[in-house]
Each structure stands twice: as C-alpha cells, then as structure tokens.
Amino acid sequence: MDFPRTLRVAGSLIFLVGIFAYIQPWNYMNSLVQASGGLIFLSLMGIGSSLVVNTLGYALLLRQHRISFHKMWGYTTSSWSVESLTPGKLGAFALAHYIQKSGVPASEGGGVVLAYRFMLGMVTLVLALIGGTLLFATSISFSFLEWGSIILVIGIVLGLFGKKLLIAILSFLPRDIQKKFLDTWSHARSAFTRENIFMLLGITLLQLGILAGIYWLMFLHAGYDPGYWHVLVATSIVQMAVLIPISINGIGIRESVFGILLAQVGIPLHATIGISLLNTAVGYGVLALLMIGKTGKWALRR
C-alpha cells in the first residue's frame, strides 16, 4: 500500500468533511444550483484558457525545438492530468517526461518547468504579500508578511547562488543523480534570459489574471460581487497555500483559505466553498473525459 498517497487522500477527505460539517451547505445551495449551468460553462472556459496559456508559455520557452502548438497542447494536458492527481503541484514536472517525445532532454524539460514554476511562484508570492496586507489585513498577520519576505529573499538567493548551494546539498547523493539535478538547475537558470524574463512575467500575470477573472465571473453569476482585486489577491494566496503537499490537488486547503478570505468582503462561506468545489469537480470531469478519450485511442490502435 502507498501510505503517503493514502494519507493525502485521507487528508483531503478530512478537510472536506470538516468544511461541510461546519457550514452545512445543503441549507444554502439553491442559489448555486439555479446558476449551475452558467457556472459550469465559466469553469470550462477557465480550464481551457489556463491550458492554452500554459501551452503557449512552454511552447515559447522551448521554441528552439520547434514543437508545434498542437503537440505541446497534448503534452500540457497530459501534465495537467498528472498534476490534478498529485499534491503540491508536483505533477507539473511530468511535462519533462512527455516532451522527451519531441527530442527534448529530460533535464532541459525539467529546467524549463522549474523556471516557469519559479516565476509563477515569485509573482504569486508578491501579489499575495502586498495584496494580502492591503486588502486582507485582518486575516494576514505580520508573521505571514515576515515569513513571506524571508521566502522571497531565499528565492532571490537561490537564483543567484543556487548552483553552489545545490552542490553542497546534493553532495551525499550518487554522482549520476547529482548530475541530473545540476543539469536541470543549469537549464532552469539559462531559461532566464532578458527576453524570457519579460515573457515569463507576462505569461504568469496573464495566467493569474484569467484564473481570478473566471472566479470573479462565477461569483457574479451566482449573485455575489467580491470585487476583482479581492479575488485576484485571494487567488494568489490560495495558490501559495495549495503548494503545501498534504492533500491531493490542494482539495480542502483551497476551499478553506478562499472561504476565510472572501468572508471579509461579505461573501458567505457556503458560496465560496460551493463555487470552488464546483470548479474542482468540473476539472475532474474534464480529466475523466481526457482519460476516456486516450483509452479509446489506445484500444483502437491495438
């Protein structure tokens, strides 16, 4: 039995049971049920837009390999499928495995994913720190700001001196594993050219902006208006929280943090949690359809 995975699944279920026991959403879900058609449509738009932006970003970062958008779309959706079933967004690195089919070395693919995720993490962290302090002062304590600042400094130090630190940390591992890690790190650093930095910054801001925009439209459709900027900052804080690898795909953590933050601007807990869970459920519905489609293609080939 895979005990770590079992514990994470159990953690996700415990989070959800606790949330439902606390807010008792069945007493309040009529408004969301009535708007469910539009909410599902908006959720699908959000998933599709996010996948398109991710595909575009990776295609641009790997443009020297001339991978077509269609192929990169396949790799990105496959990676997203793995990411949806793993904790802490670690499944994103599955992309490095898939793009080997187009002749991209695993270390280079891993480096590109690392660079993309590093930029996304830094932008998200800055938005979460500044926006959280300005808009959610009663929920974001100074300790969060202090710890966030420390993490930001660590990120900058890793960017500047990461290779030497990595060599010291990995010194106890076999040389072949050390080489793979160092190759991945080198490719990640080489991805940060001046041109790529601006491109990565634009893509990450676009991705966060679209994600927050979809959530905001879903709230509006359900009859609530938390304000776009509040949703953007709350989304950034949630994105940082779900990196904690204690539940599958951040289930439970996402709903808890989102609900606590938006409750400050008058959004009922049942609405926030209901919309968040609906968005997650639609994502797993899309994942199921993708898996059925791939299974069907595999069966036809045989």
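Residues numbered from 1 in each chain as written. Predicted model: local features only at pLDDT ≥ 70, side-chain atom pairs only at ≥ 80, totals over all residues. Heavy atoms only, no water.

Student: Looking at this structure, I do not really get the overall build of the chain. What am I missing?
Tutor: Looking only at helices and strands, the chain features 12 helices and zero strands. Along the chain, helices (α) and strands (β) appear in the sequence α-α-α-α-α-α-α-α-α-α-α-α when read from the amino end. Buried positions account for 44% of the 302 residues belonging to the chain. When contacts within the chain are restricted to residue pairs at least 6 apart in sequence, those whose partners lie at least 24 apart make up 70%. For the chain, the exposed area adds up to about 16,100 Å²; of that, 71% sits on carbon and sulfur atoms. (Helix = DSSP H or I, 4+ residues; strand = E, 2+ residues; numbered from the N terminus. Buried < 20%, exposed > 50% of the residue type's maximum accessible area, 1.4 Å probe, protein only. Contact = heavy atoms within 4.5 Å. Areas by Shrake-Rupley, 256 points an atom, 1.4 Å probe, with all protein chains shown as cover.)

Student: I keep staring at the packing of helix α6 (residues 106-135) against helix α10 (residues 228-241) and nothing clicks. Help me out?
Tutor: If you want to describe how two helices pack, look at the angle between their axes and the distance between the axes. At a minimum axis distance of 8 Å, the contact between α6 and α10 shows a crossing angle of 125°. Compared by their axis directions, α6 and α10 come out oblique. As α6 runs across α10, the sense of the crossing is left-handed. In this structure, α6 uses G121, T124, L125, L127, A128, G131, G132 and L135 to contact α10, whose residues at the interface are W229, H230, V233, S236, I237, Q239 and M240. A class-by-class count of the residues in the contact of α6 with α10 yields eight nonpolar, seven polar and no charged. (Axes fitted to C-alpha atoms, helices over the stretch in contact; angles between N-to-C directions. Parallel < 35°, antiparallel > 145°, perpendicular 65-115°, else oblique. Left-handed = near helix turned anticlockwise from the far one by under 90°. Nonpolar A, V, L, I, M, F, W, Y, C, P; charged D, E, K, R; others polar.)

Student: Even after reading the chapter, I still don't get the packing of aromatic side chains, so can you show me in this structure?
Tutor: Here the distance between the centres and the angle between the planes together describe a pair of aromatic rings. A complete count under the given rule lists five aromatic pairs for this structure. With 4.6 Å between their ring centres and 80° between their planes, Y58 and Y116 make a pair best called edge-to-face. Here Y58 is found in helix α3 (residues 36-61), whereas its partner Y116 is found in helix α6, with 58 residues between them in sequence. Between the aromatic rings of Y215 and F258, the centroid separation amounts to 5.0 Å while the plane-to-plane angle is 90°, which identifies the pairing as edge-to-face. Placement of the pair is Y215 in helix α9 (residues 194-221) and F258 in helix α11 (residues 253-262), with a sequence separation of 43 residues. By relative accessible area, which is 5% here, Y215 ends up buried. Through a chain of ring-to-ring contacts, three or more aromatic side chains come together here, namely Y215, F219 and F258. (Phe/Tyr/Trp six-rings, centres within 6.5 Å; stacked < 30°, edge-to-face > 60°.)

Student: Explanation requested: α11 in the structure shown.
Tutor: One turn of the α-helix equals 3.6 residues, which is why residues spaced by three or four share an orientation. With seven of its 10 residues buried, α11 lies for the most part within the structure. I253, R254, E255, F258, G259, L261 and L262 are the residues of α11 that are buried.

Student: Help me out: how do you make sense of the nonpolar core in this one?
Tutor: Judged by nonpolar contacts, the single largest core of 48 residues is most densely connected at Y58, M72, Y75, I99, Y116, F136 and L262. Among the elements of the structure, α3, α4 (69-83), α5 (94-98), α6, α9, α10, α11 and α12 (269-301) are those that each provide at least two residues to this core. For this core, the element with the most residues is α9, which contributes nine residues. With residues up to four places along the chain from it excluded, the contact list for Y75 reads I67, L95, Y98, I99, K101 and S102. (Core = buried A, V, L, I, M, F, W, Y, C linked by side-chain atoms within 4.5 Å.)

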